[in-house]
Amino acid sequence: MTMSKLTNLKPGDTLPGRDYCPDNVQNFMYSAALWNAHRIHFDMPYAADVEGYPGIVMSGPMLGDWLTQCVIEWLDDVGQMTHLAYSNRKAAFIGETVTSGGRVISVDHDKGTADLEIFIKNEAGEVIAPGTATVTFDKA
Amino acid sequence: MTKDHNQLNMSGADKKHSASTTELLSEELLSHIGRTSAPRTEIVSRREIRKYAIATGWKKKEYLDGDVAPPLFHLPLFWDIVELDQLSPDGVSIDRLLPKFPLEKAMAGGLDIEYFRPIRAGDVLVATRTLTNIYEKSGSQGPIIFYEVVMRVETEAGDLVLTEKTTRLLR
């Protein structure tokens, strides 16, 4: 099982993504789990009047978590993620649907590793959180 | 001042001179590079893993049950907990590892993480944060200050769990 996934892997293969449309409840629970009281994530008058945002801002590291979900769900317990890098380039707001996805960049069959490109896109198709990950497949 | 400290300091200064047209970063400010926080120890609880896995919408059972933590669980585990009067009016806690910067509007940043071992319920983990770089670049809308903080997470026995480099921008 493990080896067949790696054996057949090639650059360009895509990682299935997911749509995420968090509401205020989920965004609140995320901030609460983090213990993050930054007002832009729950206080609409503050977000608009003081920081000039058109909506409640989705937490940046929540988008980062969805990148990890893309990798881990695709990996399906046949290996580990050993490296992750991402950045938040553009804000997304509650009410929007964002989509995760990715593709295989390179495969090292000898080492049993693969480098991945991952992303979160907004509804306009802009990549708002680009990232890369490295996975190591378990030995059969 | 250690030798390492001076080397880090010089690399910060080099980047500043190669990339910037303004001079926002004083020698005093750059002298904070190399500063390290006191180690922080936290116990990983099943309840906190479950809260985090549910709030982020995971489908994986071992995360939802709280047995193993999702890859970014160290963010809530080591998020600063301060008293109410230590929050700024925007609800953000002041990071005492950082000096006072001449620019203050925090922009999006990035994370770069290396993983060595998963985090499980019951683990006792120790985190140490180091301010590893400060540099300046000129952007289209004016100067930007970048800073980097490296967090090293280990078990109590000293086994490395992960290292994380955070890069943040100030305008």
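Everything below is about the structure shown above.
Residue numbers restart at each chain and count upward from 1, following the sequence in its written direction. Labels follow written order: the first chain is A, the first ligand is 1, and so on. Local features in a predicted model are, by the rule used here, given only for residues with pLDDT of at least 70; side-chain atom pairs are given and counted only at 80 or more, and totals for whole chains, interfaces and linings are based on all residues.

Caption draft 1: Fine view of the pairing of strand E4 (residues 98-108) of chain A. All names here are of chain A. Between any two strands, pairing holds if DSSP finds at least two bridges. The helix count covers DSSP runs of H or I at least four residues long, the strand count covers runs of E at least two residues long, and both are numbered beginning at the N terminus. In this structure, strand E1 (residues 14-15) lies alongside E4, joined through two bridges in antiparallel fashion. In the strand pairing of E4, Thr14 is matched with Arg103. Pairing of strand E2 (residues 19-20) with E4, which is carried by two bridges, proceeds in the antiparallel orientation. When the sheet's bridge partners are listed, Asp19 is paired in E4 with Thr99. Across nine bridges, E4 lies against strand E5 (residues 113-121) in antiparallel orientation. Counted as the bridge partner of Gly101 is Phe119 from E5. Adjacent in sequence and paired antiparallel, E4 and E5 are bridged by four residues, among which Gly112 carries a positive phi angle near 75°.

Caption draft 2: Just the environment of Leu77 of chain B, in detail. All names here are of chain B. Checked against the element boundaries, Leu77 lands in helix H5 (residues 74-77). Judged by the 22 C-beta atoms lying within 10 Å of it, Leu77 falls in the buried class. The sequence separation of Leu77 and Pro143 amounts to 66 residues, and the corresponding C-alpha distance is 33 Å. Once C-beta atoms are placed from the backbone, each residue is buried if 20 or more other C-beta atoms lie within 10 Å of its own, exposed if 12 or fewer, and partly exposed for counts between those two.

Caption draft 3: Region of interest: helix H4 (residues 60-75) of chain A. Residue and element names in this part refer to chain A. Given a helix with a known number of residues, its expected span is that number minus one, times 1.5 Å. For H4, with 16 residues, the first-to-last C-alpha span of 23 Å sits near the 22 Å given by 1.5 Å per residue. With 15 of its 16 residues buried, H4 lies for the most part within the structure. Phi turns positive one or two residues past the end of H4, at Asp76, with a value near 55°.

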